[in-house]
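One letter stands for each residue in the lines below.
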2 protein chains.
Amino acid sequence: MGSAVAPEFPHPFDPLTPDEIATAIATVKKAHGDNVFFNVVALQEPRKADMTAWLAAPETAARPKRVADVVVIAPGNKVYDALVTLEEPKIIKWELLEGQQPIITMEELQLVEHICRKDPRVIEQCVLSGIAAEDMDKVFCDPWTIGYDERFGSSVRLQQAFIYYRPHIDNCQYQYPFDFCPIYDADKKEIIAIDIPKVRRKLSTAPSIDYHPAAVEARDGYRDNLKPINISQPEGVSFQVKGREIEWQNWKLHIGFNYREGIVLNNITFNDKGNVRPLFYRLSLAEMVVPYGNPEHPHQRKHALDQGEYGAGYMTNSLSLGCDCKGSIHYIDANFPTRAGGLRTIKNAICIHEEDSGILFKHTDFRDESVIVTRGRKLVIQQIFTAANYEYVVAWIFHQDGTIQPEIKLTGILNTYAMDPDEDTHGWGTQVYAGVNAHNHQHLFSLRINPNIDGPNNTVFMSDAVPSEAPVGSPENFYGNGFYAKRTKLATTGEAMTEYNGATSRTWDMCNTSKLNPFSRKPVSYKLVSREVPGLLPKEGSLVWKRAAFARHAVHVTKYRDDQLWPAGRHVPQTSGEPSRGLPEWIGDGSESVEDTDIVLWHTFGLTHFPAPEDFPVMPAEPMSLLLRPRNFFSSNPVLDVPPSYSSTPSQLLANGSGVLDAADKISKLAFPGGSGDSVSNGTSCCATNGNGTTNGH
Amino acid sequence: MGSAVAPEFPHPFDPLTPDEIATAIATVKKAHGDNVFFNVVALQEPRKADMTAWLAAPETAARPKRVADVVVIAPGNKVYDALVTLEEPKIIKWELLEGQQPIITMEELQLVEHICRKDPRVIEQCVLSGIAAEDMDKVFCDPWTIGYDERFGSSVRLQQAFIYYRPHIDNCQYQYPFDFCPIYDADKKEIIAIDIPKVRRKLSTAPSIDYHPAAVEARDGYRDNLKPINISQPEGVSFQVKGREIEWQNWKLHIGFNYREGIVLNNITFNDKGNVRPLFYRLSLAEMVVPYGNPEHPHQRKHALDQGEYGAGYMTNSLSLGCDCKGSIHYIDANFPTRAGGLRTIKNAICIHEEDSGILFKHTDFRDESVIVTRGRKLVIQQIFTAANYEYVVAWIFHQDGTIQPEIKLTGILNTYAMDPDEDTHGWGTQVYAGVNAHNHQHLFSLRINPNIDGPNNTVFMSDAVPSEAPVGSPENFYGNGFYAKRTKLATTGEAMTEYNGATSRTWDMCNTSKLNPFSRKPVSYKLVSREVPGLLPKEGSLVWKRAAFARHAVHVTKYRDDQLWPAGRHVPQTSGEPSRGLPEWIGDGSESVEDTDIVLWHTFGLTHFPAPEDFPVMPAEPMSLLLRPRNFFSSNPVLDVPPSYSSTPSQLLANGSGVLDAADKISKLAFPGGSGDSVSNGTSCCATNGNGTTNGH
């Protein structure tokens, strides 16, 4: 029976508990006074050597100590990186940073709109754009970190304010963008500049198009032709939860969570017929970048690194039963500090549930219609985060056959800019509604994979499907059909910087070359199968290329080192990209060996988005996913022991069906019982014994 | 309320009814005697001009006549293409074919195994391979069309027999392949040759690995930790069926079916706020090829064009409620002739049901947590066909936002060949079990799309995401971030032969250049988004390249002509590929205009498969899919009128939640009610009013 049990002590991978957050904060305040703001109070992940020892022998090895990773902003806008031990509360690191800006918190953003509304120069621009000065309460502001702007540098904490208008408080503001962009100084709490374009565009006066019920009712109303679908698990769920560790269908993993990556999956193992085999030490989305493709000023500043700049954890939604999640759902909350040193809890930050996944395997013997059909199940671990206008639905999907499928769906609202109706966008954007310009952009994610394929020493091979080199008509390839998988070992960090190749169906294998499959004699491996791999469109040497270096290649591989977690650097807002932080620093000259050692594979995947009116005023969810598939890892199909829905063998059919297994789901039924049209089926028999049909008139 | 109504007359797109099949057969027999075998008695699709006129004015235009497309084999192995009118039964075409072999029928295949078992030379080879002559009843044979073998040509109807052994009748025979290949003459009904390899391999003596319940129980038994998931629609389904026409969520289409393509979708339209807009005149999988990559003789003959050679309709499974299909299901049967002129009905050949599809769209305003979340639905029209060892689960998925998603899942059993244990496969195959060699192969499908995007005159543009040509630092691209969608018009059949480009995220747009989107001013279009596009690995000039010419390119475009349906030709078995039938004949010198006219887009997609032990003895389903997405087709998001699960606006939150719409599904519940661990949630409130969480200790 599925269950959820809470253990006594935090697991070393657990995020900080509310008490631990409070302890860290109190310790810092005691030493440095009350007048400090807390940008981050999070788990410093245990050192891998300590953790590995403890995982191997939890009863006897030293339990890794709990340490808080803290970022504060003190008076005078001094930024400190700190570490605080928690069992015996003590500050063990307190380092003043120069010219670095820590993550932007939701609280900091809330203030900008208020300041903008009152700033005389902002008011002036709004009036120039066509509104009344008394209507500043209808002016709204999505503050983004400035990204990087060479006029201002990195020492002053700045945001760029995207300004919108709502004729009515419920209107979709993205329909009414202003053409100017205030720059906000977070230290002074004031507007210090406004970017005003050479070509001015007044505020749109087009009628509003909204998605909320009153607007829909005022148009054509809601469709009334959807019948409910009910999904339930009356006997409970198949997964077991102990604290943050979950077990399901041979899978076992720890579900972590932090302020910037959101969900982190730790110590993923698979029980292979009693042998618990390690697969991945850690799996997460470690960074992302959303570069916009309009080269006109100041749109180059639109390239949000949403995770390093704002945090997929900080921005995560509180999920709701029956709305975001359907079926039998388990939730896990998230706990964060407030800037002032309080506690912020996001209830239901992570949801977990299982789903039917359709046919798992099937085979019918054409001779006698003996058949087996088995249905599959998948486990979904999910969060949704809102990055101002956009929503990201991030799901980690586990399949019974050992496949892991990270899936991201994009929804929410396009970033928009002002345009005159039917103005020529020069191909850099699309008019998605009257007067609304949605610029071209990409969504690129860094999937950080620390493989542990039957152990920590792994090697990555690139695999390409290529034709035989021998020409058609030669003895080696007479009929010209020869082809094979060409494997290239990625032996150094330099060699490992590789791209996607659609023509060769390129994949990457994370292998343990010390363990060969007993049949194929190939190293046990997990294969990265990823087909949504657009190249980084901002060019080499561009601002984005410098700041989001992880996106330059489809794959990078580095040697594992503690704390090399976030490939655009630790403190991302306002990095200049000179030098490029994170991954390029870890790779250096590219000579380090990444062969047969503890490695991290960084995979860049995503979409290039050319907006269209279908995306407005809110986007129907657009999905992308990739697979981590076991190949040569198991000695045979690992799901033969999933109970079938139906099985008949040749000998059973010869014995008039004696012994045939019929476990068909009895809840399923005909849509139109009683039959009509072609299908006069009584719906009671599964895999009807006449199989491929009656024959008449022979 | 969903419903299914049977109309009085066949719809012109309907497959032949049992009565019509009988009429055609009787008419032929009356004219040519009883001693004719019927390979095909199917609908000759109505001429498009007639159909278009009738669809536009069904009450007044002439109803297209019903005509049977018939292929018979008469005594002396004479093959005839025939047409028979059905309202007034009459043979209007009776054409003798030379050197062409019609489709292989299941009945023809059933005989080969029997003949093989009795053939003295086959018995001799089996004994040499290590079995007793008395055990020939344990020898099984999967007969494939010979494909093409230059020693024999096309005039004699031949099959190649893949021979396997079952120590016990229920064993998986693919574990025990023999190394020799008998050639069967279907006219003489005898073995005329045996291909014997230079290197001999005896039959495997490895212990059997089977997937049926007795074998699983004898190993470790079934897992018992899966709790049921129930899916039901207690108020019925949301789709309406009238004969073979289905309406669902603004979609309307006719579901056809034939012996070779299986499901054919006709006259797909979308009701856009009362305006019924045509999208696709016809959509189907028109051909496929599964080339194997081992260049050694005779493996080059393994490149089944399963649809043209055997028929996705002829091989389709009879689906069963609760096994293949879960939920509330509507079925449609399929009717085919038997060779002798009887009727063969496959019950439940097509299944139709709807599924919850997760979040359709969501947006939360970070300021006040006002939120809308709407769940989506999809419609699935599905068949499963068994091609000897392999299963293909073919689903046509319709989304509410106008997207069509063809999806294919591969399951069933690998094609296998004999090997000595641990023999070097030279990279052409993999030992997936002791003594079992599974050769490299591809699964390539031809998606035939006859667009009708707001009318029949369409143009295809290729779209590539490319960086601005201007260098970084130039005035036009100072920060280097500029990028745009480069569009290339495919104006002629020659220009339209195009490949996939992963680096530019290439897509193809089917446009109506006479209809511009009112906002974007771009032509209304449907975009082909396809990422599983391996190139054809058999080289130019190879046997496969010649016979399966459709697979040479990712996209071809031709001008629509009646009866240009099957891109490898009408009669596929034993074509030599010299000349290449079908698509190359229709394209000719490539000069024909396909701009702004009635066109057909042929898209080749699929997978390259390097087998692994995980795939044996039966493969966990491996999915692939592509999307046809409306772009610039709608003037805004077409699903705003789908009722949300929850909606709160800023004004409602200011009024203490008055008017907030809470339609959360009340069936969903917590997996572990009563709370434990982190999540002490009572599960009664949807989108809890504390939104992003309580703040304490501020």
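What counts, and at which threshold
- Position labels on residues start from 1 in each chain and follow its written sequence.
- Chains and ligands are labelled by the order in which they are written, letters from A for the one and numbers from 1 for the other.
- Local features are withheld for residues below a pLDDT of 70 in this predicted model, meaning they are given only at 70 or higher, and side-chain atom pairs are given and counted only at 80 or more; totals for whole chains, interfaces and linings count all residues.
- Just so you know, side-chain values use all the structure's heavy atoms and leave hydrogens and water out.
- Domain boundaries shown here were taken from an automatic or database domain assignment.
- UniProt positions are given in the numbering used here, feature names are shortened, and annotations may be inferred rather than shown by experiment.
- Going along the chain from the N terminus, every DSSP run of H or I of four or more residues is numbered as a helix, and every run of E of two or more is numbered as a strand.
- Under the scheme applied here, a residue whose accessible area is under 20% of the maximum for its type counts as buried, over 50% as exposed, and between as partly exposed, the area being computed with a 1.4 Å probe on protein chains only.
- Paired strands, as defined in this entry, are two strands with at least two bridges between them according to DSSP.
- For this analysis, residues touch if any pair of their heavy atoms sits within 4.5 Å.
- What counts as buried area is the accessible surface, traced by a 1.4 Å probe, that two parts surrender upon association, with contributions from both included.
- Here, a salt bridge means any side-chain nitrogen of Lys or Arg that lies within 4 Å of a carboxyl oxygen of Asp or Glu.
- Polar contacts, as counted here, are pairs of nitrogen or oxygen atoms within 3.5 Å of one another; within protein the pair requires one atom able to donate a hydrogen and one able to accept it, and residues that are adjacent in sequence qualify only if both atoms are side-chain atoms.
- Throughout, the ten residues Ala, Val, Leu, Ile, Met, Phe, Trp, Tyr, Cys and Pro are labelled nonpolar, Asp, Glu, Lys and Arg are labelled charged, and all others, Gly among them, are labelled polar.
- Known as pLDDT, the predictor's confidence for each residue is given on a scale from 0 to 100.
- Interaxial angles span 0 to 180 degrees and are taken between N-to-C directions of axes, which are lines fitted to C-alpha atoms, for helices over the stretch in contact.
- Our superposition of the copies is a least-squares fit, built on the C-alpha atoms of residues whose pLDDT is at least 70 in both.
- Think of the arc as the fan of directions from the helix axis to the C-beta atoms.
- Each aromatic pair joins two rings of Phe, Tyr and Trp (for Trp, the six-membered one) with centres within 6.5 Å, and gets the label stacked for planes under 30 degrees apart, edge-to-face for over 60, and tilted for any other angle.
- Geometrically, a charge over a ring is one whose NZ (Lys) or CZ (Arg) sits within 6 Å of the ring centre while staying within 35 degrees of the ring normal.

Chemist: Honestly, the domain arrangement of chain A in this entry has me stumped. Any pointers?
Modeler: One frequently used descriptor of interface size is the decrease in accessible area upon assembly of the parts. For chain A, the domain assignment lists domain 1 (3-97), domain 2 (106-219), domain 3 (239-367 + 375-413 + 448-470 + 482-609 + 618-631) and domain 4 (645-698). Between domain 3 of chain A and domain 4 of chain A, the C-alpha centre-to-centre distance is 43 Å.

Chemist: I would appreciate a short explanation of the UniProt feature "active site" (unreviewed entry) in chain A in the present structure.
Modeler: Residues and elements named next belong to chain A. Look at the UniProt record and you will see "active site" (unreviewed entry) annotated at D306 and Y390. Taking the farthest pair of C-alpha atoms as the criterion, the annotated set spanning 85 residues converges on one region, since that pair is 10.4 Å apart. Examined against the element boundaries, D306 turns out to sit in helix α6 (residues 306-309). Residue class for D306 comes out buried when judged on its relative accessible area of 6%.

Chemist: Sorry if this is basic, but what is going on with the pairing of strand β15 (residues 275-291) of chain A here?
Modeler: The two faces of the sheet receive side chains in turn, since in a regular strand these alternate between them. Residue and element names in this part refer to chain A. For β15, the tally of buried residues reaches 14 of 17 residues, placing the bulk of the element in the interior. The hairpin turn running from strand β14 (residues 262-272) into β15, its antiparallel successor, is 2 residues long, and K273 in that turn takes a positive phi close to 55°. With 8 bridges connecting them, β15 and strand β25 (residues 441-451) associate as antiparallel partners. Within β25, the position partnered with F280 by the bridge is P451.

Chemist: Please clarify how the interface of chain B and chain A should be interpreted in this entry.
Modeler: Tallying the contact residues gives 228 residues for chain B and 229 residues for chain A. Of the roughly 18,400 Å² buried between chain B and chain A, counting both surfaces, carbon and sulfur atoms make up 55%. The three residues of chain B that bury the most area against chain A are R223, Y479 and F483 of chain B, which together make up 5% of that side's buried surface. Summed over the shared surface of chain B and chain A, the result is 20 salt bridges. Across the pair R531 of chain B and E532 of chain A runs a salt bridge whose closest N-O atoms are separated by 3.5 Å. Inspection of the chain B/chain A interface yields 107 residue pairs in polar contact (both at pLDDT 80 or more). A per-element tally of the side of chain B that touches chain A places strand β18 (residues 343-364) of chain B first, with 17 residues. For the side of chain B that touches chain A, a count of residues per class yields 97 nonpolar, 83 polar and 48 charged. The pairing of strand β10 (residues 230-232) of chain A with strand β10 (residues 230-232) of chain B spans 3 bridges and is classified as antiparallel. In the strand pairing of β10 of chain B, I231 of chain A is matched with I231 of chain B.

Chemist: Teacher, can you tell me more about the confidence of the model for chain A here?
Modeler: Close inspection of predicted coordinates is inappropriate for parts of the model with low pLDDT. Residues and elements named next belong to chain A. Taken residue by residue, chain A gives an average pLDDT of 94. The fraction at 70 or more is 96%. Long-range and interchain partners of residues 676-698, a stretch whose pLDDT sits below 50, account for 50 contacts in this model, where long-range means more than four residues apart. Overall fold confidence for the complex sits at a pTM of 0.96, while the interface term, ipTM, reaches 0.96.

Chemist: Would you explain the sheet that holds strand β4 (residues 78-85) of chain B in this entry?
Modeler: Hydrogen bonds along the backbone pair up the strands of a sheet, which may run parallel or antiparallel. Residue and element names in this part refer to chain B. The strand order across the open sheet formed by 4 strands is β2-β3-β4-β5, and the pairing between neighbours is antiparallel. Of all the strands in the sheet, the pair left with one neighbour each is β2 (37-43) and β5 (90-97). Averaged over all neighbouring strand pairs, the angle between strand axes comes to 20°, with direction disregarded. Running over the sheet, helix α1 (residues 18-32) touches β2, β3 (67-74), β4 and β5 and is turned about 65° from β5.

Chemist: Would you mind showing me how to read the sheet that holds strand β24 (residues 436-439) of chain A here?
Modeler: Residue and element names in this part refer to chain A. Spatially, the 3 strands line up as an open sheet ordered β22-β24-β23, and their pairing is antiparallel. One side of each edge strand has no neighbouring strand; the edge strands of this open sheet are β22 (417-418) and β23 (429-433). Judged from the 4 bridges that link them, β23 and β24 form a sheet pairing that is antiparallel. When the sheet's bridge partners are listed, G429 is paired in β24 with H439.

Chemist: Whenever I open this one, the relation of the copies chain B and chain A confuses me. Can you help?
Modeler: Comparison of the two chain copies shows a relationship of rotation about an axis with a shift along it. With an RMSD of 0.0 Å, the operation that places chain B on chain A is a rotation of 180° combined with a shift of 0.0 Å along the axis. Classification of the inter-copy transformation places it as that of a two-fold axis. Comparing contact sets, 100% of the residues at the interface of chain B also lie at the interface in chain A, consistent with an isologous, same-surface contact.

Chemist: Could you clarify how one ought to interpret the environment of L490 of chain B in this entry?
Modeler: All names here are of chain B. By the secondary structure assignment, L490 is in strand β27 (residues 483-490). For the pair L490 and H556, spaced 66 residues apart in sequence, the C-alpha to C-alpha distance is 9.6 Å. Contacts of L490, omitting those with residues within four sequence positions, involve V460, M462, E495, A496, T498, W508 and V594.

Chemist: Teacher, can you tell me more about the pairing of strand β31 (residues 599-609) of chain A here?
Modeler: Residues and elements named next belong to chain A. Where burial is concerned, most of β31 is hidden: 11 out of the 11 residues are buried. Along β31, one buried face is formed by I599, L601, H603, F605, L607 and H609 and the opposite face, lined by V600, W602, T604, G606 and T608, is buried too. In this structure, β25 lies alongside β31, joined through 9 bridges in antiparallel fashion. In the strand pairing of β31, H441 is matched with H609. In this sheet, β31 lies alongside strand β30 (residues 555-559) in antiparallel orientation, the contact comprising 5 bridges. Bridge pairing in β31 links T558 to V600.

Chemist: Honestly, helix α4 (residues 120-129) of chain B in this entry has me stumped. Any pointers?
Modeler: One full turn of an α-helix is made of 3.6 residues, so residues set three or four places apart face in the same direction. Residue and element names in this part refer to chain B. Buried residues of α4: V122, Q125, C126 and S129, and no others. The buried residues of α4 occupy one face: seen down the axis, they fall within an arc of 100°. On its buried face, α4 is in contact with α3 (106-118), β6 (139-145), β8 (181-185) and β9 (190-195). The backbone nitrogen of R121 lies 2.9 Å from a side-chain oxygen of the residue at the head of α4, namely D119.

Chemist: I tried to follow the packing of aromatic side chains on my own but got confused; where do I start?
Modeler: Given two aromatic rings, their pairing is described by the distance between the two centres and the angle made by the two planes. By the definition in use, this model includes 55 aromatic pairs over all chains. Residues Y80 of chain B and W94 of chain B carry aromatic rings whose centres are separated by 4.6 Å and whose planes lie at 20° to one another, so their mutual orientation is stacked. Highlighted residues: Y80 of chain B in strand β4 and W94 of chain B in strand β5, separated in sequence by 14 residues. Each ring, one from Y259 of chain B and one from W566 of chain B, has its centre 6.4 Å from the other, and the planes form 70°; the classification is edge-to-face. Of this pair, Y259 of chain B sits in the loop between β13 (251-258) and β14 (262-272) while W566 of chain B sits in the loop between β30 (555-559) and α8 (583-587), and the two are 307 residues apart along the sequence. Across this residue pair, the class does not change: Y259 of chain B and W566 of chain B are buried. Over the face of the ring belonging to Y292 of chain A we find K302 of chain A, whose NZ or CZ atom lies 4.7 Å from the ring centre. Lying over the aromatic face of F461 of chain A, R487 of chain A brings its terminal NZ or CZ to 4.5 Å of the ring centre.

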